[in-house]
There are 2 protein chains.
Amino acid sequence: MLTRIDHIGIACLDLDRTVEFYRATYGFEVCHTEVNEEQGVREAMLRVNGTDDGGSSYLQLLEPIRQDSPVGKWLAKNGEGVHHIAFGTADVDADAEAVRGKGVRVLYDEPRTGSMGSRITFLHPKDCHGVLTELVTSAPPAEREH
Amino acid sequence: MLTRIDHIGIACLDLDRTVEFYRATYGFEVCHTEVNEEQGVREAMLRVNGTDDGGSSYLQLLEPIRQDSPVGKWLAKNGEGVHHIAFGTADVDADAEAVRGKGVRVLYDEPRTGSMGSRITFLHPKDCHGVLTELVTSAPPAEREH
């Protein structure tokens, strides 16, 4: 069951400049950064608010570290902007399976590692009215990678 | 001060079909529908979660009622997908003024009426790293248009 908007993933050309834009313009601060080699991105998480399922909603700023990464190719085609949206769930495996059973293509056979030790999968945007959609289960607090 | 992700605005070609996709796939239900003649859209709000500022986060599904509306033109160029993101604030006037003072173009001289009697303004996507960004102050509960 999807219980929150976990994050909005925003593709950018220069992570440092984009982080600075969000800080200077709105006061949003970076709470976490990491490089995800598998996804081919360098990213910064900016926490915006807490949610009533005990989680949080973030902006996730993404800069490709390789031109041939999914985000790199997307940026080359679309320019900077919203790349995907992510819904939080306590059980990404069950929700991915349920969604697959409804005929929506799930891009990974098994969930992979996302930000801060989370487990994530993606749904095909063509099956979701044009929206690249991520499902994410946060790591337990003790296991989060800071 | 921006205190929540208020909504993600998603442009679609057929509101009823898109509402049905979000209901059947994820169980998200429509909590509000309206036609905004000024914006040239028919829209449905799907509440996803509550937020720790006392508000909520929604998906806002938008179908243009005119081809020459901003959403209609955007859809013709981009196809279905995420059209904008919106941050909630208790004082859209003050935040719009503050952002304007930082050199970000604010699209309206004064906030206009958004979903459920809210007051909204938009920031130019070219000043926001490609993201059309809305600032929104919800109406007091008694004044919400249901």
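Just so you know, these numbers come straight off a predicted model, no measurement behind them.

Some points on the relation of the copies chain B and chain A
Moving on, step 1. Superposition of chain B onto chain A requires a rotation of 180 degrees combined with a translation of 0.0 Å along the rotation axis, giving an RMSD of 0.0 Å. Given the turn and translation reported, the copies of this chain are related as if by a two-fold rotation axis. Residue Thr51 of chain B, judged by its C-alpha, is the member of chain B lying nearest the rotation axis, at 2.3 Å.
Moving on, step 2. Both copies share a contact surface, since 100% of the interface residues of chain B are interface residues in chain A too.

Details of the UniProt feature "domain: VOC" (unreviewed entry) in chain A
Moving on, step 1. Residues given the UniProt feature "domain: VOC" (unreviewed entry) here are residues 4-138 of chain A.
Moving on, step 2. Counting secondary structure, residues 4-138 of chain A comes out at 23% helix and 41% strand; the distance between its end C-alpha atoms is 12 Å.

Points about the nonpolar core
Moving on, step 1. Counting residues in hydrophobic clusters, the biggest one holds 56 residues, and the most contacted among them are Tyr22, Tyr26 and Leu59 of chain A together with Tyr22, Tyr26 and Leu59 of chain B.
Moving on, step 2. Residues in contact with Leu59 of chain A, not counting those within four places in the same chain, are Ile8, Ile10, Tyr22, Phe28, Ala44, Met45, Leu46 and Val48 of chain A together with Ile5, Ile85 and Phe87 of chain B.

Comments concerning the sheet that holds strand S2 (residues 30-36) of chain A
All names here are of chain A.
Moving on, step 1. One open sheet holds the eight strands; their spatial order is S2-S3-S4-S1-S5-S8-S7-S6, and the pairing between them is mixed. Strands with a single pairing partner mark the edges of an open sheet, and in this sheet they are S2 and strand S6 (112-113).
Moving on, step 2. Pairing between S6 and strand S7 (residues 119-123): two bridges, direction antiparallel. Looking across to S7, one finds that Arg112 is bridged to Ile120.
Moving on, step 3. Helix-sheet contacts for helix H1 (residues 15-26) involve strand S1 (2-11), S2, strand S3 (41-50) and strand S4 (56-64), and the interaxial angle to S4 is about 150 degrees.

Here's the deal with helix H3 (residues 92-101) of chain A
Moving on, step 1. Of all the positions in H3 of chain A, only Val92, Asp95, Ala96 and Val99 of chain A are classed as buried. Taken around the axis of H3 of chain A, the buried residues stretch over an arc of 100 degrees, which confines them to a single face.
Moving on, step 2. Lining the buried residues of H3 of chain A we find S1, strand S5 (81-89), S7 and strand S8 (133-137) of chain A together with helix H1 (15-26) of chain B.
Moving on, step 3. Immediately beyond the C-terminal end of H3 of chain A, within one or two residues, lies Gly103 of chain A, with a positive phi of roughly 95 degrees.

What about the packing of aromatic side chains?
Moving on, step 1. Overall, the coordinates contain 14 aromatic pairs over all chains when judged by the stated rule.
Moving on, step 2. Look at Tyr22 of chain A and Tyr26 of chain A: their rings are 5.6 Å apart centre to centre, the planes differ by 45 degrees, and that puts the pair in the tilted class. You can see Tyr22 of chain A and its partner Tyr26 of chain A sitting in helix H1, four residues apart, about one turn around the helix.
Moving on, step 3. Aromatic pair Tyr26 of chain A and Phe87 of chain B: ring centres 5.4 Å apart, planes at 55 degrees, arrangement tilted. Highlighted residues: Tyr26 of chain A in helix H1 and Phe87 of chain B in strand S5 (residues 81-89), drawn from two different chains. Considered together, Tyr26 of chain A and Phe87 of chain B belong to a single accessibility category, that of buried residues.
Moving on, step 4. One aromatic cluster is present, formed by Phe21, Tyr22, Tyr26 and Phe28 of chain A together with Phe87 of chain B through successive ring pairs.
Moving on, step 5. Seen from the ring of Tyr108 of chain A, Arg112 of chain A lies directly overhead, with NZ or CZ sitting 3.8 Å from the centre.

Thoughts on the sheet that holds strand S8 (residues 133-137) of chain B
Residue and element names in this part refer to chain B.
Moving on, step 1. Taking strand neighbours across the sheet as the criterion, the eight strands line up as S2-S3-S4-S1-S5-S8-S7-S6 in an open arrangement whose pairing is mixed. In this open sheet, the two strands that pair with only one neighbour each are strand S2 (30-36) and strand S6 (112-113).
Moving on, step 2. As defined by bridge partners, strand S1 (residues 2-11) adjoins S5 across eight bridges and the pair is classed as antiparallel. Looking at the pairing, Ala11 lines up with Gly81 of S5.
Moving on, step 3. Its contacts with the sheet put H1 on S1, S2, strand S3 (41-50) and strand S4 (56-64), and the angle it makes with S4 is roughly 150 degrees.

Cut-offs used in this document
Residues numbered from 1 in each chain as written. Chains lettered and ligands numbered in written order. Predicted model: local features only at pLDDT ≥ 70, side-chain atom pairs only at ≥ 80, totals over all residues. Heavy atoms only, no water. Least-squares fit on C-alpha atoms with pLDDT ≥ 70 in both. Contact = heavy atoms within 4.5 Å. UniProt positions renumbered as here; feature names shortened; annotations may be inferred. Helix = DSSP H or I, 4+ residues; strand = E, 2+ residues; numbered from the N terminus. Core = buried A, V, L, I, M, F, W, Y, C linked by side-chain atoms within 4.5 Å. Buried < 20%, exposed > 50% of the residue type's maximum accessible area, 1.4 Å probe, protein only. Pairing = 2+ DSSP bridges. Axes fitted to C-alpha atoms, helices over the stretch in contact; angles between N-to-C directions. Arc of directions from axis to C-beta. Phe/Tyr/Trp six-rings, centres within 6.5 Å; stacked < 30°, edge-to-face > 60°. Lys NZ or Arg CZ within 6 Å of the ring centre and 35° of its normal.

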